[in-house]
Amino acid sequence: MIQKKNNIGIIAFVLLAFLVTAPLYARNWKSPDDQKDKKSYLKFDATTASQGEALYNANCASCHGTPGKNNSLKSLNPIPPDLSTKASQQLTDGELLYIVTNGAGLMPSFKNILSEEKEWLIISYLRGFNKEYVQQLSKFDPAKSKLVKLTTTFDKASQSIIIQAIANEKTGVVAIAGAEVSLFVKRYFGNFQVDKSVKTDAMGKATIAFPTDIPGDKTGKLNVLVKMFEANYGEVQKTDSFDIGIPTDKPALNEKRAIWNVVSKAPLWVIGLYSMGLISFLMLLAYLLLNLRKIFKS
Ligand code: HEC
């Protein structure tokens, strides 16, 4: 009888342990094969690791905790893994880059927040927790990205932005074909992507349709950011501005009377309420003093 009870206890314990730890091992993302083998063009060393640590603390630690301390945010499901553990370290550099760029489930995408270089810096920091890790560098030469010239023009007829990528090679100017280009509109809080990423053609050109309903500033000016990525030339960015938004005349945050503004521009009801409070207080004080005087006199 006692024996049986124990068995049930063990089964229940194992089941519970499984249920509790199962989310730890569930991985519901997979990087495409061509991303898996991608390698960093940055050589990982103490400097890149410490730059990566700062970026990790600012962007990742809130969920993943400090590597090696197993203090990730346990209220999420699946629980963000401690990235120093073997399970995560078994991922290739390309897989790590893939998930940071694209996200999965509750893991946010950092595509519009971190450049590829910054992502590699973070990965450099994470690899510092893996004694067995030996870096394989990509053959890509970052100096090549300096040769790239991006031009952006707005074509009114087709309401689209035409991007051309060329490289000033020693041998002459070459069009960069097959590069992935993305277009973003710059906003106060991050950038938002216009349409999908497209590939450049044989002329190094790509066309991205631009919506007609994006609010710009007073004159309709919009700041756009173009990102290009190509395996040999790496990632190149360029910002530009065009008068292609809807002119929007939003008053500045400190123009109107508002509760967050300076005293002279506080809402009238706040000033009224404050003054009334002050007057009542002073009147009460005067009343008390008068009565005190009466008491003394008597
Ligand atoms: C909002 C919380 C959150 C933030 C912020 C976050 N992550 Fe994650 N991350 C997760 C979750 C949840 C998972 C598990 C995803 C899954 O498997 O479904 C995950 C998974 C991962 C994985 C895969 C690990 C594995 O073993 O499968 C890596 C690598 C990773 N995150 C890196 C990062 C990096 C680097 C940053 C900062 C640039 C970051 N994460 C920011 C929540 C977050």
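To be clear, the structure that these remarks concern was listed above.
The structure reproduced in this document is the subject of the present report. Here the structure is a predicted model, which means the values were calculated and not measured.

Taken together, the side chains of Tyr274, Leu278, Phe281, Leu282, Leu285, Leu289, Leu292, Ile295 and Phe296 present a nonpolar region at the surface, about 1,000 Å² in accessible area. Position of Leu282 among the secondary structure elements: in helix H8 (residues 268–297).

Next up on the list: the side chain of Asp93. Counting through the fold element by element, Asp93 comes out in helix H6 (residues 93–102). What makes Asp93 buried here is its relative accessible area of 8%. Leave out the neighbours within four places in its chain, and Asp93 touches Lys38, Phe44, Trp120, Ile123, Arg127 and Tyr133.

The end-to-end C-alpha distance of helix H7 (residues 116–127) is 16 Å, a good match for the 16 Å that 12 residues give at a rise of 1.5 Å each. Of all 12 residues that make up H7, 10 are buried, and the element is covered over most of its length. Where H7 is concerned, the buried positions are Glu116, Glu119, Trp120, Leu121, Ile122, Ile123, Ser124, Tyr125, Leu126 and Arg127. In this fold, the buried residues of H7 make contact with helix H3 (46–59), helix H5 (86–89), H6, strand E7 (222–230) and strand E8 (234–242).

A word on the sheet that holds strand E4 (residues 180–186). As summarised here, the arrangement of the 4 strands in space is E5-E4-E7-E8, forming an open sheet in which the pairing is antiparallel. The sheet terminates laterally at strand E5 (191–199) and E8, the two strands that pair on one side only. Strand after strand, the sheet turns through a mean of 20° between neighbouring axes, direction not considered. Relative to E8, E7 runs antiparallel, the two being bridged by 9 bridges. Within E8, the position partnered with Val226 by the bridge is Lys238.

Further remarks concern the environment of Lys30. Topologically, Lys30 is positioned in the loop between helix H1 (2–25) and helix H2 (33–36). Lys30 gets classed as exposed once you look at its relative accessible area, which sits at 64%.

So, about the pairing of strand E1 (residues 148–155). In this sheet, strand E2 (residues 160–169) lies alongside E1 in antiparallel orientation, the contact comprising 8 bridges. For Thr153, the partnering residue across the bridge sits in E2 and is Ile162. Linkage of E1 to E2, two consecutive antiparallel strands, is achieved through a turn of 4 residues, within which Gln159 is found at a positive phi near 45°.

Counted under the stated rule, the structure contains 4 aromatic pairs. Each ring, one from Phe44 and one from Trp120, has its centre 6.5 Å from the other, and the planes form 45°; the classification is tilted. Here Phe44, found in the loop between H2 and H3, pairs with Trp120, found in helix H7; they are 76 residues apart in sequence, far enough to count as distant. For the pair shown, Phe44 and Trp120 are each scored as buried. With 6.3 Å between their ring centres and 25° between their planes, Phe44 and Tyr133 make a pair best called stacked. Within this pair, whereas Phe44 is found in the loop between H2 and H3, its partner Tyr133 is found in the loop between H7 and E1, the two being separated by 89 residues in sequence.

What counts and how
Residues numbered from 1 in each chain as written. Predicted model: local features only at pLDDT ≥ 70, side-chain atom pairs only at ≥ 80, totals over all residues. Heavy atoms only, no water. Patch = residues over 30% accessible without salt bridge, like charges linked within 9 Å, V, L, I, M, F, W, Y side chains within 5 Å. Areas by Shrake-Rupley, 256 points an atom, 1.4 Å probe, with all protein chains shown as cover. Salt bridge = Lys/Arg side-chain N within 4 Å of Asp/Glu carboxyl O. Helix = DSSP H or I, 4+ residues; strand = E, 2+ residues; numbered from the N terminus. Buried < 20%, exposed > 50% of the residue type's maximum accessible area, 1.4 Å probe, protein only. Contact = heavy atoms within 4.5 Å. Expected span 1.5 Å × (residues − 1). Pairing = 2+ DSSP bridges. Axes fitted to C-alpha atoms, helices over the stretch in contact; angles between N-to-C directions. Phe/Tyr/Trp six-rings, centres within 6.5 Å; stacked < 30°, edge-to-face > 60°.

These figures capture arrangement, not role.
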